[in-house]
Amino acid sequence: MVEWITSRKNEGIKQAAKLVSSSSFRKEQGEFLVEGARLCRDAAQSDIEIVTAYVTKQAQDKYPEYVEKILQKAEQNFGIEPHVGELLSDTKTSQGIYCICRIPSQDALDLVCDGHYLALENLQDPANLGAVLRTGEALGIRGVILGGSCCDVYSPKVLRASMGAVFRLPLSFCEALEKQLPRWQEQGFSTLAAVPAQDAVDITQVDFSNPSILAVGNEGNGLTDGVIRACEQRVTIPMKGRAESLNAAASASILMWEMLRGREPPFDRVAARPSLT
């Protein structure tokens, strides 16, 4: 450690704390904060750039192997007192390890037409978004497109719920999916809109032998009409009982399973990150 921070008034600490609470500040700075031994270690083992690491003495003693990898990757390192770390924590029980990371480029929209992608539109719940990313990585999705006004993928809650998938899964960002979908169709992708409608095609009956992009919408309102019209096919999950719809994360998980089962090679965790070009 080149410096030990004992004051909560330290300017670097105040800036780091703002990265936790403010999405607009994260975008302005091009940085986000990661908390916890495992998540910080996952960031260190990925292609994510770690600008600064903050570690308490207690964390060094308890997680020496994790801390070593993190400090080796970070551009600068600081030791901090536990009461200072509390300003950076978004959890009830902090592990005393924090990293400021650079946000990867978000301007890539050229997809490789050799696999299956998930497009999310206006997803607002951080826990849902994180769960979708975690499941997508596990199942082998080629990448996830975040369309419209999705919640901040680099918020603390999304990072935790994704269990590090944010660092490894190719992500792309698109303000208007309905404008981009026809272009992807021209490239050879099949485009599908997930809707809770009885007259839509049963997802279990869909042919996913060709590269595809499947769109899933907002928790309460689903996909916008523009995106539904822009897709070539409407698909739905058959449901029994009196349930009319599923949680967005549950729906996306089922849909991705049907897209990928027996059709997609395992996701390349080493090569992935972060561009879809």
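Here, every reference points to the structure presented above.
Fair warning: this is a prediction, and the values are worked out from it, not measured in the lab.

**Student:** Where do I start with the overall build of the protein chain in this structure?
**Tutor:** Looking only at helices and strands, the protein chain features 12 helices and 12 strands. Radius of gyration (C-alpha) of the protein chain: 20 Å, near the 19 Å computed for a compact globule of 277 residues. Projected onto its principal axes, the C-alpha coordinates of the protein chain cover approximately 65 × 35 × 30 Å. Every one of the 277 residues in the protein chain was classed for burial, and the buried ones make up 51%. Within the protein chain, contacts between residues at least 6 apart in sequence are counted, and of these 82% link residues at least 24 apart.

**Student:** Would you mind going over the packing of aromatic side chains with me for this structure?
**Tutor:** Aromatic ring pairs are defined here through the distance separating the ring centres and the angle between the ring planes. Applying the stated criterion across every chain, the model contains 5 aromatic pairs. Ring geometry for Tyr-63 against Tyr-66: centres 6.2 Å apart, planes inclined by 75°, an arrangement best described as edge-to-face. Residues Tyr-117 and Phe-189 carry aromatic rings whose centres are separated by 5.7 Å and whose planes lie at 75° to one another, so their mutual orientation is edge-to-face. Of the two residues, Tyr-117 sits in strand E6 (residues 116–121) while Phe-189 sits in the loop between helix H10 (177–186) and strand E9 (190–194), which places them 72 residues apart along the sequence. Like Phe-189, Tyr-117 is buried. An aromatic cluster is defined as three or more aromatic residues linked by ring pairs; in this entry it consists of Phe-32, Tyr-154 and Phe-167.

**Student:** Can you help me understand the sheet that holds strand E11 (residues 212–216) in this one?
**Tutor:** Paired through their backbone hydrogen bonds, the strands of a sheet run either parallel or antiparallel. Spatially, 7 strands are ordered E8-E7-E6-E11-E9-E12-E10 in an open sheet, and the strand pairing comes out parallel. The sheet terminates laterally at strand E8 (171–174) and strand E10 (201–202), the two strands that pair on one side only. Set on the sheet, helix H7 (residues 126–139) makes contact with E6, strand E7 (143–147) and E8; between it and E6 the angle comes to about 180°. The sheet contacts of helix H12 (residues 248–260) involve E6, E9 and E11, and relative to E6 the element is tilted by about 160°.

**Student:** Is there a simple way to think about the nonpolar core in this case?
**Tutor:** When a protein is soluble and globular, its nonpolar side chains tend to lie buried together. One finds Leu-118, Leu-120, Leu-133 and Leu-214 to be the most contacted residues of the largest nonpolar core, which totals 56 residues. A total of 7 residues in this core trace back to one element, the largest contributor, which is H12. Those residues within four positions of Leu-214 in sequence are excluded, and the remaining contacts are Tyr-117, Leu-118, Ala-119, Leu-192, Ala-194, Ile-203, Phe-208, Val-235, Leu-255 and Met-259.

**Student:** Sorry if this is basic, but what is going on with the side chain of Glu-35 here?
**Tutor:** Mapped onto the secondary structure, Glu-35 falls in strand E2 (residues 31–35). Polar side-chain contacts of Glu-35 include one of 2.7 Å to the side chain of Ser-89. At 2.8 Å, the side chain of Glu-35 and the side chain of Thr-91 are in polar contact. Not counting residues up to four positions away in its chain, the partners in contact with Glu-35 are Cys-40, Leu-88, Ser-89, Asp-90, Thr-91, Ser-94, Ile-97 and Tyr-98.

**Student:** Would you mind showing me how to read the packing of helix H3 (residues 37–44) against helix H5 (residues 64–73) here?
**Tutor:** Helix-helix packing is described using two parameters, namely the angle between the two axes and the distance between the axes. Across the interface, H3 lies against H5 with an axial gap of 9 Å and an inter-helix angle of 40°. Classified by the angle their axes make, H3 and H5 are oblique. Pair H3 / H5 crosses with left-handed handedness. Two secondary-structure elements touch here, H3 through Ala-37, Arg-38, Cys-40, Arg-41, Ala-43 and Ala-44 and H5 through Tyr-66, Lys-69, Ile-70 and Lys-73. For the contact of H3 with H5, the per-class residue count stands at 6 nonpolar, no polar and 4 charged.

**Student:** Before we go on, may I ask you to explain the sheet that holds strand E3 (residues 50–55) in this structure?
**Tutor:** If you trace the 5 strands from one edge of the open sheet to the other, you get E1-E4-E3-E5-E2, paired in mixed fashion. Two strands lie at the open edges of the sheet, namely strand E1 (4–5) and E2, each paired on one side alone. Two elements, E3 and strand E5 (residues 97–102), share 5 bridges in a ladder whose sense is antiparallel. Bridge pairing links Val-55 to Ile-97 in E5. Sheet strands in contact with helix H1 (residues 11–21) are E1, E2, E3, strand E4 (76–80) and E5, and its direction is about 90° off that of E2. Across the face of the sheet, H3 comes into contact with E2, E3 and E5 while running at roughly 35° to E5.

**Student:** Explain the packing of H7 against H12 to me, please; I cannot follow it from the model alone.
**Tutor:** One can describe the packing of H7 onto H12 by two numbers: an axis separation of 9 Å at closest approach and a directional angle of 15°. As far as their axial angle goes, H12 and H7 are roughly parallel. At the point where H7 passes H12, the crossing takes the right-handed sense. Mapping the contact onto sequence places Asn-128, Ala-131, Val-132, Thr-135, Gly-136 and Leu-139 in H7 and Ala-248, Ala-249, Ala-252, Ser-253, Met-256, Trp-257 and Leu-260 in H12.

So, how was this worked out
Residues numbered from 1 in each chain as written. Predicted model: local features only at pLDDT ≥ 70, side-chain atom pairs only at ≥ 80, totals over all residues. Heavy atoms only, no water. Helix = DSSP H or I, 4+ residues; strand = E, 2+ residues; numbered from the N terminus. Rg over C-alpha atoms; globule rule 2.2 N^0.38 Å. Buried < 20%, exposed > 50% of the residue type's maximum accessible area, 1.4 Å probe, protein only. Contact = heavy atoms within 4.5 Å. Phe/Tyr/Trp six-rings, centres within 6.5 Å; stacked < 30°, edge-to-face > 60°. Pairing = 2+ DSSP bridges. Axes fitted to C-alpha atoms, helices over the stretch in contact; angles between N-to-C directions. Core = buried A, V, L, I, M, F, W, Y, C linked by side-chain atoms within 4.5 Å. Polar contact = N/O pair within 3.5 Å; in protein donor to acceptor, adjacent residues only side chain to side chain. Parallel < 35°, antiparallel > 145°, perpendicular 65-115°, else oblique. Left-handed = near helix turned anticlockwise from the far one by under 90°. Nonpolar A, V, L, I, M, F, W, Y, C, P; charged D, E, K, R; others polar.

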